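Spelled out, the chains give:
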Amino acid sequence: MTSRSVFSVHVDLFGALRVRSGGSRPDFSPYQTALIAIVFAEGSISRGRLGTLLWDREIDAHLRHRLRQLIHAIKTKTGQELFSTHGDELRPAPAVHSDVETLRQRLAEGHLLEAAQIAERGLLGPNELDISNSFGDWREGFEQSLRTTLLRRTEGAWMSRSDARAWTEARDAAEAAYLLVPHDVDYIARVIEARARVGRLQAAEVAYTEHLHVQGRLGAAVVVEEAISRAREAESDAGGGPELDMVPFVGRQSLLRELDTVVRDIRGGHCRFALIVGEAGIGKTRLIQEVSRSAALDGVRALESRPVELESRISLNPILDALSGLDLEAHLARLGEPWRTVIGATLPPDSLAEPVNEPPPIDDRSLPRRLMDAFSMLLEAIAREKPTILFIDDLHWADATTISTLHFFRRRWARVPFGVIATVRPDAVGERDPLHVWIENEDRYPLYRIRLSELEEEESRELLAHLGEGRLSADDAEKLLALSGAHPLYLTELTRDYLAGRLVLPRSQAEAFTVPVSLRQILSARWSQCSREATRVAQLLAVASRPTRVGVLSRALERPVDEVIDAVEELRHRRLCASDRDRVWISHDLFKTAIYADLGDVRSSLLHRQMARELSQSGGVEAAGQLAIHYDRAGDREPAAESGWQAGERAMMQGAVAEAAHFFELVARNEKEGPVKAKATARYATAFHLGRDMKRANPTDIRRVEGLGEAGSTPVDELIARLTSIKSEARSANDWEAVALALDCELRFHHSMGHLPGIERVFHEFRGVSRKGSPDASAVCHIGLAMGVLFGHPRDAVKSAETAVRITESSRRHRLSALWRYLVVMQFRGRVLAPRLE
């Protein structure tokens, strides 16, 4: 799709005719206006048809001459060709963009509200053009056809999106229909429901008020009354809490559907327990809020409770908090004694209108059982009155009596529509905690267990787009995504801190940065419970700052390999590190930075010295750059200067002047001898001067990065950061071939490190670029995707290899690379090669 920035002329037809060309906005006569509107709305139209629409009669030589005069006058006023000629037909010129095209694009992309907002302004706005009856009929027919198409699309989208419980997308369809037909009661009811579903009850009330204003004395339609009543009742059941953050709920659609099944089972009279399991900040609270609001709007009583750590020893506190919004008097009166007294004794003072009696003397050993029976009977009575779900956020802070009561009720469930949906943090649950078996033992405790992980890449980008509100550059967005590791809380906090000026993004992945205060406690909790051995391995990995072989870790730490492997497994279990074969790395840059920041100066220096010692023995000449960094941070000035000089000279020879400047600056900082320090400073100044204008992304930059990678003088993660910058600039310039070439280079780097997550991320980007770029860009993408044969995607790899060969048949560019990848794939799959390699 062509970017609007390349068009020299923009034509807006909806609202009023506006033609923007070179900063000017000329005025047009009625006939000129009608001609522009017809051609751009139709897309292609014959001169004969134009004659009929403009002058109500068949075109002849005289009308053809008048038509040519109109076209010439329009060109004179705009200074541009608005139309192109194809035989007897007129079409919009390729360099002209119109809002009709924008509307059609939005329709194709499913952004129905944006399309409706354009259409609602009306073709040419309220202005009447009394030039011919045919033109008036055409204009009316065009608008009617457009509205019919839009309403048909909104109807289908509402049905499919609401059925899928994708309420953010469903709201888009409801708002579009409501904008086009604001007085239709069905559309009003839909927009009320959609707004309430996404947590915008106030906006739902606005739609209801507007409807009442139009209805006047007739009152609201039944369907609208029912919609607003459900929304108000849901808000009342939820305790009237504040509306959610303006950032919409992103992703998790499959999990929402799974939990929706649980809610439907409960409404059908079953007892269901569901645990949403995940680490702090992964999105458990937001997910349970979405489910709670949706359940309430479906006619379920949603009782909500959120235990806190400081109150974890108060018996039954979560259940009592959830019940605090109910009128318990009637229920307890129906239960009678002794149950009213047993339950009333646990309630806060003045909870009941009449005080309870003193509990009868009971053997202490029978009190817990009687308490369990009492609350089970109460929950059953509440559920018989209306389907009820108890939503407990952070169940791990609940007291043991609450856990026992819920377990007791579940085992003795009577056929009432009741359920519990709770969130749990596994790291906050000890092995002796009753919740531990609920989380881990699926055979003994058959609960619904939903384990939350990071967002998908597209979901992360969608969340970032909402957070950034258009204020993030492409390069900053890529850095934030890389730092957050698709973790929703990390992405949210990093982005907000960056936009508020509290965070400076690193220039490369190897550069340290300050972790926001809001995340330090969460990050520290990840490794606070690690064993001593696992902590030492994590610290060394943070110092290494790259995938490291287990053998290297073993030698650097002077510990047996088996002990290091056990530590790595512990870190993997706590999701602190990732591994591929014998390579291990910290799973997120945030963890790496936070772990490194927690190191004291003495331990940091020691670990850097250990890594330098290992690299000096096994790294070879290519490790000069890494050695320089490790010696520098260890405080070993002489070897740091020596290694830095080697790394700087190698970088200069390969054209990597920015890297050279970095290393010569390191030499000047560590060198003791005055003449050598002066020479290093001069070399730094030279490299800095040469590199100041080398920031433009082009194939030369990509080849330079490839050369640095082959030489091995520059850390790979820094090269990947440079490729990220190149891709960002190439995307901005719509240079998709450069994006594809940079991705192909990045793929080789990730392959050399054995970094599977990075490889999968590159494959995902390849697929996106292959659909929007030029044939040459698509060829490079499919050439890269052909390497999926090595990483568990053999079928897709064969298809991509064949596609790459087919594309390069017509364009000789990249032909050799396509055939070579085809050869690799087919040999790997045992295919016959002759037909394609002739």
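Below or above, wherever it landed, is the structure these notes cover.

About the thresholds
- Residues numbered from 1 in each chain as written.
- Predicted model: local features only at pLDDT ≥ 70, side-chain atom pairs only at ≥ 80, totals over all residues.
- Heavy atoms only, no water.
- Axes fitted to C-alpha atoms, helices over the stretch in contact; angles between N-to-C directions.
- Helix = DSSP H or I, 4+ residues; strand = E, 2+ residues; numbered from the N terminus.
- Parallel < 35°, antiparallel > 145°, perpendicular 65-115°, else oblique.
- Left-handed = near helix turned anticlockwise from the far one by under 90°.
- Contact = heavy atoms within 4.5 Å.
- Nonpolar A, V, L, I, M, F, W, Y, C, P; charged D, E, K, R; others polar.
- 1 Å grid on protein atoms, 1.4 Å probe; cavity = no way out; pocket = protein on both sides within 12 Å on 5 of 7 lines; lining within 4 Å.
- Points joined across faces, edges and corners; volume = space filled by probe spheres on them.
- Core = buried A, V, L, I, M, F, W, Y, C linked by side-chain atoms within 4.5 Å.
- Buried < 20%, exposed > 50% of the residue type's maximum accessible area, 1.4 Å probe, protein only.
- Pairing = 2+ DSSP bridges.

1. Details of the packing of helix H20 (residues 474-484) against helix H21 (residues 488-499)
Alright, step 1. H21 packs onto H20 with a crossing angle of 140 degrees between their chain directions and a minimal axis gap of 9 Å. When the axes of H20 and H21 are compared, the pair comes out oblique. Both H20 and H21 take part in a crossing whose hand is right-handed. Packed against H20, whose contacting residues are Asp476, Leu480, Leu481, Leu483 and Ser484, the element H21 presents Tyr490, Leu491, Leu494, Thr495 and Tyr498 at the interface.
Alright, step 2. Residue composition of the contact of H20 with H21, by class: seven nonpolar, two polar and one charged.

2. Notes on empty space enclosed by the protein
Alright, step 1. Counted according to the given criterion, the structure contains three cavities of 30 Å³ or more.
Alright, step 2. In this structure, the largest cavity spans a volume of roughly 60 Å³.
Alright, step 3. In terms of lining, the largest cavity is formed by Arg532, Glu533, Arg536, Val537, Leu557, Arg559, Glu563, Val564 and Ala567.
Alright, step 4. At the level of elements, helix H23 (532-544) and helix H25 (561-573) are the ones that each hand at least two residues to the lining of the largest cavity.
Alright, step 5. A total of four residues in the lining of the largest cavity trace back to one element, the largest contributor, which is H23.
Alright, step 6. Residues of the lining of the largest cavity, tallied by class, amount to four nonpolar, no polar and five charged.
Alright, step 7. What the second largest cavity holds in volume is close to 40 Å³.
Alright, step 8. Phe273, Ala274, Leu275, Leu395, Val420, Ala422, Trp438 and Leu447 are the residues that line the second largest cavity.
Alright, step 9. Looking at the lining of the second largest cavity element by element, the count peaks at three residues for strand S7 (residues 271-277).
Alright, step 10. Looking at the lining of the second largest cavity residue by residue, the classes come out as eight nonpolar, no polar and no charged.

3. A word on the nonpolar core
Alright, step 1. Residues Leu35, Ile36, Phe83, Ile192 and Ile421 are the most contacted members of the largest nonpolar core, which totals 100 residues.
Alright, step 2. Once you skip the residues sitting within four places of it in the chain, Phe83 turns out to touch Leu35, Ile36, Val39, Phe40, Ile71, Ile74, Leu90, Arg91, Pro92 and Ala93.
Alright, step 3. Leu371, Ala374, Val416 and Val420 belong to the second-largest nonpolar core, a separate cluster that totals 41 residues.

4. With respect to the side chain of Thr423
Alright, step 1. The residue Thr423 is located in strand S10 (residues 418-424) in this model.
Alright, step 2. Those residues in contact with Thr423, other than ones at most four positions away along the chain, are Ile276, Lys284, Ile288, Ile392, Asp393, Asp394, Leu395 and His396.

5. Quick look at the pairing of strand S14 (residues 583-586)
Alright, step 1. Taking every second residue as pointing to the same face, both faces of S14 are buried, with Arg583 and Trp585 on one and Val584 and Ile586 on the other.
Alright, step 2. Two strands pair when backbone bridges link them, and strand S12 (residues 548-549) and S14 are joined in this way by two bridges, in the antiparallel orientation. Its bridge partner being in S14, Thr548 is matched across the sheet by Val584.
Alright, step 3. The pairing of strand S13 (residues 577-580) with S14 spans four bridges and is antiparallel. Its bridge partner lying in S14, Ala578 is registered against Trp585.
Alright, step 4. Between the antiparallel neighbours S13 and S14 lie two residues, among them Arg581 with a positive phi of about 55 degrees.

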